[in-house]
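Breakdown of the fold
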Amino acid sequence: SDSHPRFFLSSSSPKSEFRVKRVSIEGNIAVGKSTFAKLLQTACSDWEVVAEPVSKWQNIKSGSSKETHGSPQTTVSNLLQMMYKDPQRWSYTFQTFSCMSRFRTQLQPPPPHLLNSEGTPVQVYERSIYSDRYIFALNMFELGCINDTEWAVYQDWHSLLVEQFGHQVELEGIIYLRASPEKCMERLKFRGRSEEKEVELDYLKKLHIQHEKWLVEKSTEIHFEKLKNVPVLQLDGSAEFLTDPEVRKQFISQVKSFFNAL
Ligand code: TTP
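Residues numbered from 1 in each chain as written. Predicted model: local features only at pLDDT ≥ 70, side-chain atom pairs only at ≥ 80, totals over all residues. Heavy atoms only, no water.

Topic: the site of the ligand
Looking at the ligand, there are 22 residues lining it, with Lys-33, Ser-34, Arg-127, Arg-191 and Glu-196 nearest. In the model, an oxygen atom of the ligand is placed 3.4 Å from a nitrogen or oxygen of the Val-31 main chain. A distance of 2.6 Å separates an oxygen atom of the ligand from a polar backbone atom of Lys-33. Bound to the protein, the ligand loses 98% of the 600 Å² it would expose on its own. Residue assignment for the shell around the ligand shows that the elements contributing at least two residues are helix H1 (33-43), helix H3 (79-85), helix H4 (87-106) and helix H6 (129-142). Ranked by the residues each element gives to the shell around the ligand, the list is headed by H4, at four residues. (Near = heavy atom within 4 Å. Polar contact = N/O pair within 3.5 Å; in protein donor to acceptor, adjacent residues only side chain to side chain. Areas by Shrake-Rupley, 256 points an atom, 1.4 Å probe, with all protein chains shown as cover. Helix = DSSP H or I, 4+ residues; strand = E, 2+ residues; numbered from the N terminus.)

And the structure:
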């Protein structure tokens, strides 16, 4: 019955839940992942977008035991800002929290309309627990902002979580929205997220290289067998897919065939 926990379901009697495919959109900061995700959301009712929880990283509430005038104090901290202001101090904490909040979001079961869909139901994620590790955390480690001990601890809990929850967060496909670091810088400035004011082109270049190594050259050392063989659809992120209806149409048809082939 439906009340059975998932781990009792054998793969020989798949529930409709297992029919829903999971695909993540990857790409550099400000390339336009969320804009692209929204576009997909409107293009087909069989596709559901799971947004990235950035706002949670900007608003972390912590209660304090200190009391002022008899009422407990609540502090709100912006971990994204803290990380950019002092990466040595805060990168590990940031990467821990951002990955945890993503696990929580992506472990939510798909909505009923997807489960009952006749077509190719797809859950589209903005980034994944894999880019958290193989793009950002790895980059911070290579920059020396995450030290050897922190990196060992990070990798240890990340692997444990993937092994425990792997079947619920595994990806069937990846869309790589690829653009030059210069293009991303232009969009980052245009968007003007205040925490990102000090982000330099050099940082975007480093992240670009991490994406290339993982998704194009396939030279990143990946610790999960299934992830190594996940198909990647590369799209030209420098194309004006927001404003140009021709580009939009072409992107959607490419995505459609990609999803159908998964
Ligand atoms: P992105 O995940 O790149 O989101 P975005 O809103 O920039 O994407 P787009 O414009 O393409 O829709 O990053 C959000 C911010 O969080 C950005 O400043 C980079 C930072 N970040 C990290 O520092 N480490 C991480 O692991 C992740 C996922 C984000």
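Some remarks on the packing of aromatic side chains
Going through the model one piece at a time under the given rule, you end up with twelve aromatic pairs. When the ring of Trp-57 is compared with that of Phe-94, the centres are 5.3 Å apart and the planes differ by 85°; the resulting orientation is edge-to-face. One end of the pair, Trp-57, is in helix H2 (residues 54-58); the other, Phe-94, is in helix H4, and 37 residues separate them in sequence. Each member of the pair, Trp-57 as well as Phe-94, is classed as buried. These aromatic residues form a ring-pair network of at least three members: Phe-141, Trp-151, Tyr-154 and Trp-157. Arg-89 extends its terminal NZ or CZ atom over the ring of Trp-90, reaching a point 3.9 Å from the ring centre. (Phe/Tyr/Trp six-rings, centres within 6.5 Å; stacked < 30°, edge-to-face > 60°. Buried < 20%, exposed > 50% of the residue type's maximum accessible area, 1.4 Å probe, protein only. Lys NZ or Arg CZ within 6 Å of the ring centre and 35° of its normal.)

Quick word on the pairing of strand E1 (residues 21-26)
The buried count for E1 comes to six of six residues, which makes it a mostly enclosed element. Going residue by residue along E1, you find Lys-21, Val-23 and Ile-25 tucked away on one face and Arg-22, Ser-24 and Glu-26 tucked away on the opposite face as well. Where E1 and strand E6 (residues 173-178) come together, four bridges link them in parallel fashion. The partner of Ile-25 across the bridge, within E6, is Ile-175. (Pairing = 2+ DSSP bridges.)

What is shown is where atoms sit, not what they do.
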